[in-house]
Structure formats: C-alpha cells, structure tokens
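Given next are the chains, with one letter for each unit.
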Amino acid sequence: MKTSIYILGVLGFGLILLQTGNLHAQNDPLIGSQWHHTNMNSSAAWGRQTDCRGTLVGVFDTGIRYSHDDLRSNMIGSSGLNFADGQHGSAVATDVQGHGTFVAGFIGAVGNNGIGVTGLCWQSAISAYKVLADNGSGNFSWAANAIYAAASAGIRVSNHSYGANLQSNPFAGQFWPSILITALQASGNSGAINVFAAGNNSVNLNGFVTAGGVTVTRVCGSGRSRCSNVRVTLPPVTPTIPTGVVVAAASQSDRSLASFSNYGGQVVHLSAPGRDVVSTSNASNTSYATMSGTSFASPIVAGAVALIWSRNPSWTASAVISELLNRHAPQPVITAVRSEWTIVGYDTEQKRVCVEQQRRGRSCQKWGYRQVQTARYGNADVSYTSNPQAGKVMSGELNLSGFR
Amino acid sequence: MLGALLFFLNRSQVDAELNKKEALAETDNQSSSSIAKQKAELSLEASASFQPRIDHSKKLVDGKRADLAASESLDKSKAPKIIPYSRILNLIKKEKLVQKVETLTDEKGVRSTLSVYANGPTKMRTTLQEDWVEGPSGSELIGWTAMAADYVMIKISGSPAASELAGRIQEFGAKITPTPIPGIYKVHFDGTDPIRLYEIKDNLKTVAGVDFAEPDYIMGIE
C-alpha cells in the first residue's frame, strides 16, 4: 500500500513537472528566471520538438559571441558574416555591443545542458549576419545586402531586431525603406520567413503607415539670396508588408502590451514577451543578463517559427506563418488602447477600439478615454488622454499550447 | 488529498530549485548588481509620443482654441516625453557640423532643420533632419531622421531609363556604382549641401524605370 502511494506520488509529481515544463529543461539553472517560457507554455512545444537544426536561422544584428558556453554548439562555423561598415560578408567573430548575443540566446541557447538559460530551440543552426556596427547603428543598405546574401545561403528563418526612428515618418508611409522591402521581397520569394521587432517608440504604427512622408525642396526667386527651403508633405501610400514577414510587439509578464512597444494591426502581427527577459550576455562566455525591448520579443517569435518549421519540414513559409498566427497567437492584434497624445475631438482611434471590443462581445464603456491635459503644438491642438485600462489589455501574445 | 500532497511535494521541489538557481545566479560572472546596472543602461525607454493631426474645423481665439484656453498650462510631469533622444541622435550630434539649413514652416506648423555632420554613427558623412513645432514652452522636437549625406539608393528596372538616368547623373556631377543586389545602385554626389540630397532623390524618382530613389537611412537596435 505504501509502495502504491509512493508510485502514485512519483507519477503525479512527474505529471505536474511535465505540465510546468520543468521535466523538459530542469537542469538549466536559469530557466526559472525565464518567465517567458512559462507564459508562452514552451514546454508544450518541447514535448514534441526541441531540435531545429533542420531549419537554418539567421540573426541580423551586432554579431554573436560564438564562444559563449550556452551558444557555441548551436552556431554554424566559427564566425558570422559582417555586412556592417560597408563590408560584404567578411568573417567576423565578435559581438562588441552585445545586443546580438542576447537576441541569439532566445532562439538557440542550448537546452538542458546544465548551464544558464534555455532557448526555444535546444539544438539549432544559427548564423550571425552583422548589420549593425559596434555602436549599435547601421545603414539599411547593410541589412538589405545581408538579407539578399542570406536568401542565397539557404537561411529559412531570420530575426531582425533593428529599426529607425519613426517620428518623422521617413519612409513615406512604409514601415521600412524601399531598399529593405526589396530585399525582403527577394527573401520571401525564396521561401524564407523574416521576423521583425515592432520598435520601441510607443506609437500606433497604423497612424504612421497611413501618413505621407516629408521632403524638402529649394524654391528660388530671381537670385540665390531669395531662395527658401520649403517643407513638403508627400501623399500617403498603401503600406507594404512583404510576403513572409512577421512583425512582433513586446508583452510583459502579466501578458499585457509593454509600455514601450509599438503596436497597430496594420503592421504588427502578434506580441511575445519582451520586458525584463533573461538571455545570454556577451560580457563573458558564462554571462547572462536581463533586458527589455521589442528586440527580444522578435527572436522569441523567430525561435517559435523555427520550432514549428522543424516539426513540419515539408510546410511552406506561408503554412508556417498561418500556424504561428492562427494557432499560437489567435487573439486580435494589439490596438490603440493606451494613454497617448491625440488631437482634441479626434476620436477615430477611440471609436475603432470600441468597435473592436464590441466585435469581441465586450462593452465599450470601460474603454473610454479621459482627457487630462491639452496643449497647442504647431497649428494643431492636441490633448493628452489617459485610459484606465491602458497597459492592461491582452496583446495577442504568442502561446505554444497545442503545438503539433 | 493525494493531489494536495503531490502539489506540496512539487512546490517544495520548485522552491528548492529556485533557491538553487538564485545561488547559482549570484555566483555567476555577473553579480546581481552588475546585471541591474546593465539593465538600467540598456532597458529601453518607455515613452509615449504622438503624431499631430490637424483639425481645421475648430475656430481659434487669439491663436488658441477657446475651449482649450483654460487648460493650456501643460503639466509637464504628466506629459509624455514626446521624442526620445536616442543614442544615435546623440552620436550624430557629437560630430563636427558642416552645414545647417532651415525650412519654412509648413501648413501644419512644422519646420525642419537639415544638418550635415562630417561623420556619423555609421562612419560616414551624415544628414540629420529634425522636425520642430512651437509648443507651450517653445520649440519642441517632434521627430528626426538620419541618413547618409552624400549618396542615395536607387532601384532600376528595365533599360529605357539608362540614357535619361545617365544624363541626370551627369547633370548633378554624380556617379553611379552597383551594389550586391541586382538592380540596386548607389548614386554618389557632394553632400555638403543638405538640400542637394532631397533634390537629387526627388529628381531621380521621376526618371522612367527608376522604381525608387531614397536616402540610405540610419537604423539602430530596438
């Protein structure tokens, strides 16, 4: 009898561990700090797939510390390729800035190896494409060159945790400049999937992609001294999200949208954990760190994509994306429910939020805005409105329950 | 009963595991304080922002809307920081200024300053466009973008554009070089005058067969 109870106890304990995911990665000491695995139920996927080596992954970033103890065996070769500073794929071994090493850990920190953290893919094949210089900046042409090179190298899943300041709407109604869109179209045509960070401007991207950009022209009279520089607003264009591209916003541990994250369903597809998340650090081969940003939601999505594709290697890119969005992030995409500056009387966003909530069978009343401040900027009257529900909205978060 | 016992056993195991992990984390190369410092340095700024939209239907009184006059005193402590000065912007502004021009104020009340810096974060001459409006406490920066100063990227499809394009490039005193991407070229020119960049890209866009002509914008980590 005692023996039976003991056996039942052991079996029950095992079932509980299985449910919490501890059974599948219990010897990586920092997995308990990686709350994102708990929130997105990574263990559901790990019960079926942990090996992503059949799906080549590219990390387009500041490089990767290939020698990191928790990454080394999951890297392809001994160094990545450098496209920063006008290079065209020369070898690079180091990640001076550290961003790329942190990103890579979410995708492919070796799982169940008894050290550090656990990536979505316990075994993987990752290449670093360095498109950001050691100070964390780059030109979009560097990234475009690298994306083009990766397409011909057979990279199937790529992560891109970079972007531009969008406040000036530099791309005339697009989320990216045309050169990047051209490269992404080529990559998409080759059957690859590219995952992007939505950015950390706290803005509704719907507003940015529906407005035209700005250019400047010099208008002169009869002499050069009479010239004026005239600011011209360009007409809006229809936003283009190339085939095979997924854009990820950042959520936080309570599953709401992180305050820094951009949002807006015309551009953003889903969210994934991105606040106070733990991964590999470039400080040493045994270092780990905690950081926040949509930069880190993106590789979590990329890792999930690699898992799905590795589990179903015959699927097309569109089938993988469909599985990702329809099965693992089925909630409505993040919308404009937060405190923000708006034009007084301009309540289109508020109405849109209400419509979306009504579609989901909820009352609009609790989503109402409350005006607290007004001011005049340029020729526009704007108001600062607060929303008591701001930051408490479910954000269409990635969840790997039901992984198949 | 059994379930409660199993839960208790599991909880104890999890607690022990957490304690072990905390101990391991403390002995790791990065102490908790250094992690906290790094987190503070690298955590990305959470700030709200806005994009002005004009409502011309509202009448103004003394330059202000009557219904807003009483509340125009902005509580800065509650107002979001409109534009984050990112690391990239700071890197650019450390460089030597070559030339700076300003536009007229447009119909939305926005004006731009265009500055060419001798160097930039990507180790090349850089143009910085900053957009300003007059706010309650003076000029406020509402947006900025940075780009390579002395070349634009163009995409050519088809040959009919070749002769016309060559003429335009010669007219600008520019030269064209290929990139690793088929159909994509760089058009190089003297980027000392920031207006030149806008003029050239707008001009080249009008050439038949040129799909796009745009600056090589600067990007950064998110």
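Keep in mind that what you see is a predicted model, and the values were worked out from it rather than measured.

1. A word on the side chain of Asn39(A)
Residue and element names in this part refer to chain A. Following the sequence through the fold, Asn39 ends up in helix H2 (residues 35-39). Residue Asn39 is classed as buried on the basis of its relative accessible area of 9%. Leave out the neighbours within four places in its chain, and Asn39 touches Gln252, Ser253, Arg255, Glu397 and Asn399.

2. Structural notes on helix H5 (residues 140-152) of chain A
Note on helix geometry: an α-helix contains 3.6 residues per turn, so any two residues three or four positions apart are oriented the same way. Between its first and last C-alpha, H5(A) extends 19 Å over 13 residues, near the 18 Å set by a 1.5 Å rise per residue. Looking one or two places after H5(A), you find Gly154(A), whose phi comes out positive at around 85 degrees.

3. Overview of the state of the cysteines
Residue and element names in this part refer to chain A. As enumerated under the stated definition, the model contains two disulfides over all chains in all. Across the disulfide, Cys220 is cross-linked to Cys227 (sulfur-sulfur distance 1.8 Å). In this structure the cystine formed by Cys220 and Cys227 twists about its S-S bond by roughly 105 degrees; its chirality is therefore right-handed.

4. Details of the packing of helix H8 (residues 294-311) of chain A against helix H9 (residues 317-328) of chain A
Think of two packed helices as two axes; the pair is described by the angle between the axes and how far apart they sit. All names here are of chain A. Running from N to C, H8 and H9 cross one another at 115 degrees; their axes reach a closest spacing of 10 Å. H8 and H9 meet at a crossing whose hand is right-handed. Only Ala317, Val320, Glu323, Leu324 and His328 of H9 make contact with H8, whose side of the interface consists of Val301, Ala304, Val305, Ile308 and Trp309. Within the contact of H8 with H9, the residues separate by chemical class into eight nonpolar, one polar and one charged.

5. Focus: the environment of Val110(A)
All names here are of chain A. If you trace the backbone, Val110 turns up in the loop between helix H4 (99-108) and strand E4 (126-130). Looking at Val110, the relative accessible area reads 11%, which means it is buried. Note: C-alpha distance between Val110 and Phe140 (30 residues apart in sequence) is 31 Å. Ignoring sequence-local partners within four residues, the contact set of Val110 consists of Asp28, Asp70, Leu71, Ser73, Asn74, Val117, Thr118 and Trp122.

6. Section: the pattern of salt bridges
Considering all chains together, one arrives at 17 salt bridges over all chains under this definition. A salt bridge links Asp134(A) to Lys130(A); the shortest N-O distance between them is 2.6 Å. Note that Arg111(B) and Glu102(B) form a salt bridge whose closest N and O atoms lie 3.2 Å from each other. For Arg111(B), a relative accessible area of 15% corresponds to the buried category. Beyond isolated ion pairs, a larger network of salt bridges with shared partners links Arg231(A), Asp106(B) and Asp131(B).

7. Some points on H8(A)
Taking 1.5 Å per residue, 18 residues should reach 26 Å; H8(A) reaches 26 Å between its end C-alpha atoms and fits that length. Of all 18 residues making up H8(A), 17 are buried, and the element is well covered by its neighbours.

8. So, the environment of His37(A)
All names here are of chain A. Within the secondary structure, His37 sits in helix H2. Judged by relative accessible area, His37 falls into the buried class, the value being 6%. Sequence separation between His37 and Ile300 is 263 residues, and the spatial gap between their C-alpha atoms is 9.5 Å. What His37 contacts, discounting residues up to four positions off in sequence, is Ile31, Ser42, Trp46, Thr118, Gly119 and Leu120. A distance of 3.5 Å separates polar atoms of two side chains, one belonging to His37 and the other to His36.

9. Examining the pairing of strand E6 (residues 157-160) of chain A
Residues and elements named next belong to chain A. Residues Val157 and Asn159 line one face of E6 and the alternating positions Ser158 and His160 line the opposite face, and both faces are buried. Here strand E1 (residues 57-61) pairs with E6 via four bridges, running parallel. Note that in E6 the partner of Phe60 across the bridge is His160. As paired elements, E6 and strand E8 (residues 193-197) share four bridges and run parallel to each other. Following the sheet pairing, Asn159 is matched in E8 by Val195.

10. With respect to the confidence of the model for chain A
All names here are of chain A. Summing up the model confidence of chain A, the mean pLDDT is 80 and the portion of residues at 70 or higher is 74%. In this model residues 1-23 is a low-confidence stretch, pLDDT under 50, and it forms 21 contacts with partners more than four residues away in sequence or in other chains. Segment residues 336-375: pLDDT under 50, and 119 contacts once partners within four positions in sequence are set aside and those in other chains are kept.

11. Looking at the sheet that holds strand E2 (residues 80-82) of chain A
Residues and elements named next belong to chain A. Here eight strands make up an open sheet; going across it, the order is E3-E2-E4-E1-E6-E8-E11-E12 and the pairing mixed. Two strands in the sheet have a free side with no partner beyond their single neighbour: strand E3 (90-92) and strand E12 (270-273). Strand-to-strand twist of the sheet, defined as the mean angle between neighbouring strand axes without regard to direction, takes the value 30 degrees. In this structure, E2 lies alongside E4, joined through two bridges in parallel fashion. Among the inter-strand pairings, Asn82 is bridged to a residue of E4, identified as Lys130. Sheet strands in contact with H5 are E1, E4 and E6, and its direction is about 170 degrees off that of E1.

Reading the values: the criteria
Residues numbered from 1 in each chain as written. Chains lettered and ligands numbered in written order. Predicted model: local features only at pLDDT ≥ 70, side-chain atom pairs only at ≥ 80, totals over all residues. Heavy atoms only, no water. Helix = DSSP H or I, 4+ residues; strand = E, 2+ residues; numbered from the N terminus. Buried < 20%, exposed > 50% of the residue type's maximum accessible area, 1.4 Å probe, protein only. Contact = heavy atoms within 4.5 Å. Expected span 1.5 Å × (residues − 1). Disulfide = S-S within 2.5 Å. Axes fitted to C-alpha atoms, helices over the stretch in contact; angles between N-to-C directions. Left-handed = near helix turned anticlockwise from the far one by under 90°. Nonpolar A, V, L, I, M, F, W, Y, C, P; charged D, E, K, R; others polar. Salt bridge = Lys/Arg side-chain N within 4 Å of Asp/Glu carboxyl O. Polar contact = N/O pair within 3.5 Å; in protein donor to acceptor, adjacent residues only side chain to side chain. Pairing = 2+ DSSP bridges. pLDDT = per-residue confidence, 0-100.

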